[in-house]
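# Structural features, examined
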Amino acid sequence: FQRDLMQDVYYNDAPSPSEMGRQTLSVEAFAGQVVPASFAVLPLRDLGAGSIAVSALEGPGAAIPPGAIDLGYVSYRITRVTLSGSVYTITPRYVVPRNRVALPRGVARRFWLTVHIPAAARPGLYAGRVTFTPARGAASSIPVRLTVLRGALDAIDIAAGPWGGQVDVPWFADDPQTAKLSSELTAKSLRLLRAHGFTMFTGAPHVLYRGWGNGQPELDFSQADREMETAGKLGFLAVNSYGAGVIGVNAYYQDAAKMKAAGFTDYSAFVKAIYTAVQHHAAEKHWPAVYWNLGDEPSGDDLRRSIENAAAYHKAFPEAPPFFTAATSLSSGGAGDPRFALARALDVPNLNAHDEASVNLLKGQPWAFYNTGGDRWTYGVYLYKAAKEYNLRFRLGWHWDGAAGDPYYALDTREDDYAWANAGPQGQLLPSVQFFRISAGLDDYRCLLTLARLAKAKEGSPAAREAESLIRARMAAFHLGQLDHDRIFGSGDWESFRRR
């Protein structure tokens, strides 16, 4: 049976009559897109191990080979219902890149196909079959129909991605095998993010401050240059320095000891000297944009210190670049909120909690959005409104892979180690189902972006007027701060709005 991308298949699920009626696996997309397709099997008796295989998809003048279609199945994992873990459930979480899995009686299993449509694919219908073969019982197959639509979606024009982007193996850092595996998994992570359209990650660049000499900051760019060269070649628009940055100088609060050791008495002059050198090097090496992170949700006395620190950076660089940001929130309570002073001292404040009233207090200042609502909505239509109407600069969500304990067992640490993707012992990446949904949000954004461009190019035509009306009506239907798509539009809206 088949179920919509935005709906889960649980281990104890059963299909509805309407889900059983769809005998063809159908997908519509543009050339160059990466799109998921799935179907589920509910064994009425023990089938042993079951596997799937897919044929080439034959189309107009060419075929999409089986190698362009990743095969996998959805793995169930414990998920906390309460933060303490005293109440938990079992949910579908990771897409395991393996086409074979045990199929005991009564346990529903979702098989997952990821189709990489070649950028040169001609528009039209591509047809093939996917075959399911159990160890016990007869094989069966269903048709696959991929419609490649005419044209191509515009590339996303805003920096968007996860917190993180690297995978660090939790073993001895100086062990060569550890470093090799971490490097390989990080490279796979960045390629996977770009394949799905993401344009930002965090944790780079690693610039090392070694002190002061000959009237200049002594900076080691060796690791940073490797990281930023990779980011640039892959097409990332920006990075956020969270977890990295200029190592050796405290970025969150004024590092008076380092300032005095360098012979300075004014902190603004100290950071100006360092980041002028960094920015000069970045421009010379053609780095993607860097948003240097100066804080992580400070409160109380730490908030006061963070404001003083950000003000010193702003004094040093009243106009960007370099760009400075920090993670915080704004309420609509007004400019009296001390976090507003922090936001105004930053080039691009990175807001978790926000609404239209609080964003309007920034009076057009660029801002960013992190964490809350890490889903298809906030990486799609919501992101489009924030970017086009409210000057949003970038979007980050928690998190790519940052496990505190066992990432496959949710009850062993303070909170559930939920990630966009995880790693297996053979060095493979296991993307989550949520990762594919967030990716679909980026494609929603790209659909709106493409439609707006075409409407402008065909200005005055009936189709352009209809397109403009569609975009205008959708943007007017919600406000910043409304983060629950289904509450506003209903769960059936995802596919119907995409088709419109």
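Nothing here was measured: the structure is a model prediction, and the numbers come from that model. (Residues numbered from 1 in each chain as written. Predicted model: local features only at pLDDT ≥ 70, side-chain atom pairs only at ≥ 80, totals over all residues. Heavy atoms only, no water.)

Within the protein chain, the regular secondary structure consists of 13 helices and 24 strands. On C-alpha atoms alone, the protein chain measures out to a radius of gyration of 25 Å, which is about the 23 Å that the 2.2 N^0.38 rule sets for 500 residues. Dimensions of the protein chain along its principal axes, counting C-alpha atoms only, are 80 × 65 × 50 Å. Expressed as a percentage of the 500 residues in the protein chain, the buried residues total 49%. Contacts spanning at least 24 positions in sequence make up 70% of the contacts within the protein chain whose residues lie at least 6 apart. Split by element, the accessible area of the protein chain, about 22,700 Å² in all, is 53% carbon and sulfur. Between the averaged position of the 51 positive side-chain charges in the protein chain and that of its 49 negative side-chain charges there is a distance of 6 Å. (Helix = DSSP H or I, 4+ residues; strand = E, 2+ residues; numbered from the N terminus. Rg over C-alpha atoms; globule rule 2.2 N^0.38 Å. Buried < 20%, exposed > 50% of the residue type's maximum accessible area, 1.4 Å probe, protein only. Contact = heavy atoms within 4.5 Å. Areas by Shrake-Rupley, 256 points an atom, 1.4 Å probe, with all protein chains shown as cover. Lys, Arg positive; Asp, Glu negative; His and termini not counted. Charge placed at Lys NZ, Arg CZ, Asp CG, Glu CD.)

On the surface, a nonpolar cluster with roughly 240 Å² of combined accessible area is contributed by Tyr-10, Tyr-11 and Ile-90. Residue position: Tyr-10 is located in the segment before helix H1 (17-20). We classify Tyr-10 as partly exposed; its relative accessible area is 32%. (Patch = residues over 30% accessible without salt bridge, like charges linked within 9 Å, V, L, I, M, F, W, Y side chains within 5 Å. Salt bridge = Lys/Arg side-chain N within 4 Å of Asp/Glu carboxyl O.)

Read from one edge to the other, the open sheet built from 4 strands follows the order E2-E9-E6-E7, with strand pairing classed as antiparallel. Because the sheet does not close on itself, it has two edges, and the strands there are strand E2 (34-41) and strand E7 (88-96). Averaged over all adjacent pairs, the angle separating strand axes in this sheet is 30°, with direction ignored. When strand E6 (residues 69-80) meets E7, the two strands line up antiparallel, connected through 8 bridges. When the sheet's bridge partners are listed, Tyr-76 is paired in E7 with Pro-92. (Pairing = 2+ DSSP bridges. Axes fitted to C-alpha atoms, helices over the stretch in contact; angles between N-to-C directions.)

Let's shift gears to the sheet that holds strand E15 (residues 216-220). What links the strands of a sheet is backbone hydrogen bonding, and the strands pair in either a parallel or an antiparallel sense. The strand order across the open sheet formed by 3 strands is E15-E14-E17, and the pairing between neighbours is mixed. Bordering the open sheet on either side are E15 and strand E17 (245-247), each of which pairs with just one other strand. Across the sheet, the mean angle from the axis of one strand to that of its neighbour is 40°, orientation sign disregarded. Sheet topology note: the strand E14 (residues 206-213)/E15 ladder contains 5 bridges and is antiparallel. Looking across to E15, one finds that Tyr-209 is bridged to Leu-219.

Between Ala-320 and Pro-321 the backbone carries a cis peptide bond, its omega angle lying at 0°. Its location among the elements puts Pro-321 in the loop between helix H6 (300-316) and strand E19 (323-328). In this structure, the amide linkage connecting Pro-321 to the following residue, Pro-322, adopts the cis form with an omega of 0°. Locating Pro-322 in the fold gives a position in the loop between H6 and E19. Positioned with a positive phi, Lys-363 is a non-glycine residue whose angle comes to about 55°. Looking at where Lys-363 falls in the secondary structure, it is placed in the loop between helix H8 (356-360) and strand E21 (367-370).

What follows covers the packing of aromatic side chains. Two aromatic rings, taken as a pair, are described by how far apart their centres are and by the angle between their planes. On inspection of all chains with the given rule, the structure shows 37 aromatic pairs. Look at Tyr-267 and Phe-270: their rings are 5.7 Å apart centre to centre, the planes differ by 55°, and that puts the pair in the tilted class. Separated by 3 residues within a single helix, Tyr-267 and Phe-270 lie in helix H5 (residues 267-284), roughly one turn from each other. Both residues of the pair, Tyr-267 and Phe-270, belong to the buried class. Counting every residue linked through ring pairs, the aromatic cluster contains Trp-112, Phe-198, Tyr-379, Trp-400, Trp-420, Phe-435 and Phe-436. Geometry around Phe-369 places Arg-395 over its ring, the cationic atom sitting 3.8 Å from the centre. (Phe/Tyr/Trp six-rings, centres within 6.5 Å; stacked < 30°, edge-to-face > 60°. Lys NZ or Arg CZ within 6 Å of the ring centre and 35° of its normal.)

Purely geometric numbers; function is a separate question.
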